[in-house]
Amino acid sequence: MTTRGLNIALITGSTRKTGPPLVLHPRVNAFIQSTLESRGHTVTRVNPIDFPLLDKPCFAYPEGDAPEKIEKVHSVLKWAHCYVCVTPEYNHMPSPGLMNVLNHFGSSTFSFKPSAIVTYSGGQWGGTRAAVSLRTALSELGCLPVSAMIHIPKAQEVFNRDGSVNISKDSDSADKWAKYCSRCFSQMEWWAEAAVRQKEIVDPFDFSPVFLSSPSQRNAP
Ligand SMILES: Cc1cc2nc3c(=O)[nH]c(=O)nc-3n(C[C@H](O)[C@H](O)[C@H](O)COP(=O)(O)O)c2cc1C
């Protein structure tokens, strides 16, 4: 375990309210949130359903001047020591709702913090293909995803509606899911703790300045 409780932004993916197919995000998000809280962290959710579709990204406004809904999420993302992204797989990709939230903010919001990827589906692959794409986006944003990921196949069978683990077929399953999640979350906690400590020594933005005018600043000579 880390030496301190972390501030975690839990960025959720699904915007679906009605099925079919059966809506799964409430149970998956509840399970992930309670797992993180049981590890001593403070979790704030970022819900894509309340968020405007991308027109002008947050970073295109003068500091603090974006519309209220965007600024509110911006402050949660800045407050967080690390990010947990929970997404269903839609056509082998992360949900557009999650990507919309991520796209509003630049790497200056996310960078120098770790992230963890959680994917799920109603089928047997647990969203693994979406996870691979999401990893690329999170890397680009600078909130490096830890190597262990959490994939939840057949989430409707794994969890009850309230997010508790369904132990009707296997009385050890809650323990098994806790251990599985621990592999990913302990990696994220280690990196988050390391980043917090290193920021006390060196400001990463002094050390590696953000792009001030254009992405072409990253071009090779
Ligand atoms: C538009 C759409 C695309 C989907 N694509 C996939 C897919 O690529 N792989 C998969 O395993 N399940 C896929 N599914 C099934 C989802 O895993 C399942 O519906 C799940 O409940 C979605 O999560 P949600 O209920 O939280 O929105 C898809 C569902 C929808 C609605």
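Residues numbered from 1 in each chain as written. Predicted model: local features only at pLDDT ≥ 70, side-chain atom pairs only at ≥ 80, totals over all residues. Heavy atoms only, no water.

The protein appears in an unreviewed UniProt entry as NADPH-dependent FMN reductase-like domain-containing protein from Cyclotella cryptica.

This brings us to the overall build of the protein. Of regular secondary structure, the protein possesses eight helices and five strands. Scanning the protein from its N terminus toward the C terminus, one meets helices and strands in the order β-α-β-α-β-α-α-β-α-β-α-α-α. Taking all 221 residues of the protein together, the buried fraction comes to 45%. In the protein, the share of contacts with a sequence separation of at least 24, taken over all contacts with a separation of at least 6, comes to 80%. Counting every atom, the protein has about 11,800 Å² of accessible surface; 56% of that belongs to carbon and sulfur. When the 22 basic and 19 acidic side-chain charges of the protein are each reduced to a single mean position, those positions are 6 Å apart. (Helix = DSSP H or I, 4+ residues; strand = E, 2+ residues; numbered from the N terminus. Buried < 20%, exposed > 50% of the residue type's maximum accessible area, 1.4 Å probe, protein only. Contact = heavy atoms within 4.5 Å. Areas by Shrake-Rupley, 256 points an atom, 1.4 Å probe, with all protein chains shown as cover. Lys, Arg positive; Asp, Glu negative; His and termini not counted. Charge placed at Lys NZ, Arg CZ, Asp CG, Glu CD.)

Now for the UniProt feature "domain: NADPH-dependent FMN reductase-like" (unreviewed entry) in the protein. According to UniProt, the positions carrying the feature "domain: NADPH-dependent FMN reductase-like" (unreviewed entry) are residues 7-155. Secondary structure across residues 7-155 comprises 36% helix and 18% strand; the distance between its end C-alpha atoms is 26 Å. (UniProt positions renumbered as here; feature names shortened; annotations may be inferred.)

On to the side chain of histidine 151. Within the secondary structure, histidine 151 sits in strand β5 (residues 150-152). Of note is the side chain of histidine 151, whose polar atom sits 2.9 Å from the side chain of threonine 119. Setting aside residues no more than four positions away along its own chain, histidine 151 makes contact with Thr119, Gly126, Thr128, Ala131, Trp177 and Tyr180. (Polar contact = N/O pair within 3.5 Å; in protein donor to acceptor, adjacent residues only side chain to side chain.)

Bringing the packing of aromatic side chains into the picture now. Tallied over the entire structure, the rule returns eight aromatic pairs. Centre to centre, the rings of tryptophan 177 and tyrosine 180 are 5.4 Å apart; their planes meet at 80 degrees, and the pair counts as edge-to-face. Placement of the pair is tryptophan 177 and tyrosine 180 together in helix α7 (residues 173-201), with a separation of three residues, close to one helical turn. Given a relative accessible area of 32%, tyrosine 180 falls into the partly exposed group. Taking NZ or CZ as reference, lysine 56 lies 4.4 Å from the ring centre of tyrosine 61, over its face. (Phe/Tyr/Trp six-rings, centres within 6.5 Å; stacked < 30°, edge-to-face > 60°. Lys NZ or Arg CZ within 6 Å of the ring centre and 35° of its normal.)

Here the focus is the state of the cysteines. Counted according to the given criterion, the structure contains zero disulfides. Cysteine cysteine 82 is unpaired, with the sulfur of cysteine 143 as its nearest cysteine sulfur at 10 Å. The buried category is assigned to cysteine 82, whose relative accessible area is 0%. The closest cysteine sulfur to the non-disulfide-bonded cysteine 143 is located on cysteine 85, 6.5 Å from its own sulfur. A relative accessible area of 0% places cysteine 143 in the buried class. (Disulfide = S-S within 2.5 Å.)

With that settled, consider the site of the ligand. Looking at the ligand, there are 16 residues lining it, with Ser14, Arg16, Glu89, Tyr90 and Tyr120 nearest. Between an oxygen atom of the ligand and a main-chain N or O atom of histidine 25, the distance comes to 2.9 Å. Here the shell around the ligand is built from residues that sort into seven nonpolar, six polar and three charged. (Near = heavy atom within 4 Å. Nonpolar A, V, L, I, M, F, W, Y, C, P; charged D, E, K, R; others polar.)

Turning to α7, a few remarks are in order. Its 29 residues give α7 an end-to-end C-alpha distance of 42 Å, which sits within 8% of 42 Å, the value for a rise of 1.5 Å per residue. Taken together, the buried positions of α7 are occupied by Ser173, Trp177, Cys181, Cys184, Phe185, Met188, Glu189, Ala192, Glu193, Ala195 and Val196. Where the residues of α7 are buried, they touch β1 (7-12), α1 (25-38), β3 (82-88), β4 (115-120), β5 and α6 (155-158). (Expected span 1.5 Å × (residues − 1).)

This next bit is on helix α5 (residues 128-141). Across its 14 residues, α5 extends 20 Å between first and last C-alpha, which sits within 8% of the 20 Å expected from 1.5 Å per residue. Those residues of α5 that sit buried are Ala130, Ala131, Leu134, Ala137, Leu138 and Leu141.

For the rest of this paragraph, the subject is the pattern of salt bridges. Following the criterion strictly, the structure yields seven salt bridges and no others. For glutamate 189, the salt bridge goes to arginine 39, with nearest N and O atoms at 2.7 Å. One end of the pair, glutamate 189, is in helix α7; the other, arginine 39, is in the loop between α1 and β2 (42-46), and 150 residues separate them in sequence. Each of the two residues, glutamate 189 as well as arginine 39, counts as buried. In the salt-bridge network here, residues are joined through shared partners; they are Arg4, Glu193 and Arg197. (Salt bridge = Lys/Arg side-chain N within 4 Å of Asp/Glu carboxyl O.)

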